[in-house]
Amino acid sequence: MHTYKKFLLAAAATLVMSANAMAAEKLRMGIEAAYPPFNNKDASGNVVGFDKDIGDALCAKMKVECSVVTSDWDGIIPALNAKKFDFLVSSLSITDERKQAVDFTDPYYSNKLQFIAPKNVDFKTDKASLKGKVIGTQRATLAGTYLEDNYPDVEVKLYDTQENAYLDLVSGRIDGILADKYVQYEWLKSKDGMNFEFKGEPVMDSDKIGIAVRKGDTKLRDELNKALAEIKADGTYKKINDKYFPFSIE
């Protein structure tokens, strides 16, 4: 009887330790923080945006404490694989090429690629009309790959951040930009973007955006997928969506 009691006490202690370990688990989310409204920094230097809010909601569902680690876009996947953070929630398109380097969750939103250019310019988006034009896009993005694959006669100018592409567009150093529609939607509402507009229809509307984890980390991927399904079911996802867009991007 005494031995059995000691066994029960030991088992209870083990359960408490396991529960405390789970409660104390911490995860790091990787974010570029230069891609508003999905991710950027506010006036105080805090990371904000749709991606950050989604990441926070997922961490709350998983009952883990999460911190943010920022990374330049060019090296964001290598940083994940170098274990500088545990998962990457930074508007990353799910592509076959990237699947060779990381594992993805289910998509957490869908994206479209569309051109923008000055309102007072007759800007057509067919290959013949864009021949010889200088089009800006962010480096290592689906938009950059799309331009290079489908517009061989266009001069593609690559930028380290989307914001630097906007600066060149405003100054007239490039003729237009191809990028994510929802990112450009936000910029077109700004003071700098008010003289620009979408041109033509989206050239791609099947871009799925996922959260990346390291290859083989099926446990974390499955936990993120479960949490993602839960925030969609309980209305949390819609609240975050509506905070940034007057339409669904799911």
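Calculation rules
- Residues numbered from 1 in each chain as written.
- Predicted model: local features only at pLDDT ≥ 70, side-chain atom pairs only at ≥ 80, totals over all residues.
- Heavy atoms only, no water.
- UniProt positions renumbered as here; feature names shortened; annotations may be inferred.
- Helix = DSSP H or I, 4+ residues; strand = E, 2+ residues; numbered from the N terminus.
- Buried < 20%, exposed > 50% of the residue type's maximum accessible area, 1.4 Å probe, protein only.
- Arc of directions from axis to C-beta.
- Contact = heavy atoms within 4.5 Å.
- Lys, Arg positive; Asp, Glu negative; His and termini not counted.
- Salt bridge = Lys/Arg side-chain N within 4 Å of Asp/Glu carboxyl O.
- Axes fitted to C-alpha atoms, helices over the stretch in contact; angles between N-to-C directions.
- Parallel < 35°, antiparallel > 145°, perpendicular 65-115°, else oblique.
- Left-handed = near helix turned anticlockwise from the far one by under 90°.
- Nonpolar A, V, L, I, M, F, W, Y, C, P; charged D, E, K, R; others polar.

A.B. asks: Sorry, what's going on with the UniProt feature "domain: Solute-binding protein family 3/N-terminal" (unreviewed entry) in the chain here?
C.D. replies: As annotated by UniProt and renumbered to match this structure, "domain: Solute-binding protein family 3/N-terminal" (unreviewed entry) occupies residues 26-248. Between the end C-alpha atoms of residues 26-248 the distance is 31 Å, and the span holds 35% helix and 31% strand.

A.B. asks: Would you explain helix H7 (residues 162-171) in this entry?
C.D. replies: The periodicity of an α-helix, 3.6 residues per turn, causes residues three or four positions apart to be oriented the same way. Residues of H7 that are buried: Gln162, Ala165, Tyr166, Asp168 and Leu169. Relative to the axis of H7, the buried residues are bounded by an arc of 165° and lie together on one face. Among the structural elements, strand E7 (109-118), strand E8 (134-138), strand E9 (155-159), strand E10 (176-180), helix H8 (181-188) and strand E11 (196-214) are those in contact with the buried residues of H7. Just downstream of H7, Gly172 is the residue with a positive phi angle, here 85°.

A.B. asks: What should I look at first to understand the side chain of Asp180 in this one?
C.D. replies: With respect to the helices and strands, Asp180 occurs in strand E10. Arg98 provides the closest opposite charge to the buried, salt-bridge-free Asp180, at an N-O distance of 8.6 Å. The residues contacting Asp180, other than those within four sequence positions of it, are Tyr35, Asn111, Lys112, Leu113 and Asp207.

A.B. asks: How should the pattern of salt bridges be read in this particular structure?
C.D. replies: When charged atoms on two side chains of opposite charge get close, those side chains can pair. On inspection of all chains with the given rule, the structure shows 17 salt bridges. One salt bridge connects Lys219 with Glu223, and the closest N-O pair in it is separated by 2.7 Å. In this pair, Lys219 and Glu223 are both assigned in helix H9 (residues 218-233), four residues apart and thus about one turn of the helix distant. Exposure remark for Glu223: the relative accessible area of 28% places this residue in the partly exposed category. Its salt-bridge partner being Lys232, residue Glu250 comes within 3.4 Å of it at the nearest N-O pair. Here Glu250, found in the segment after helix H10 (236-244), pairs with Lys232, found in helix H9; they are 18 residues apart in sequence, far enough to count as distant. On the basis of relative accessible area, Lys232 is assigned to the partly exposed category, the value being 30%. Here the salt bridges share partners, and the residues they tie into one network are Arg28, Asp86 and Arg214.

A.B. asks: Explain the environment of Thr236 here, please?
C.D. replies: Residue position: Thr236 is located in helix H10. When the C-alpha positions of Thr236 and Ile54 are compared, they lie 8.9 Å apart, and in sequence the two are 182 residues distant.

A.B. asks: Would you take a moment to explain the packing of H7 against H8 for this structure?
C.D. replies: A pair of packed helices is captured by two measures, namely the crossing angle of their axes and the spacing between those axes. Close contact between H7 and H8 brings their axes to 12 Å; oriented N to C, the two are set at 50°. Looking at the two axes, H7 sits oblique to H8. For the element pair H7 and H8, the recorded crossing hand is right-handed. Contact residues: H7 offers Gln162, Tyr166, Leu169 and Val170, while H8 offers Val183, Gln184 and Trp187. The residue inventory of the contact of H7 with H8, partitioned by class, reads five nonpolar, two polar and no charged.

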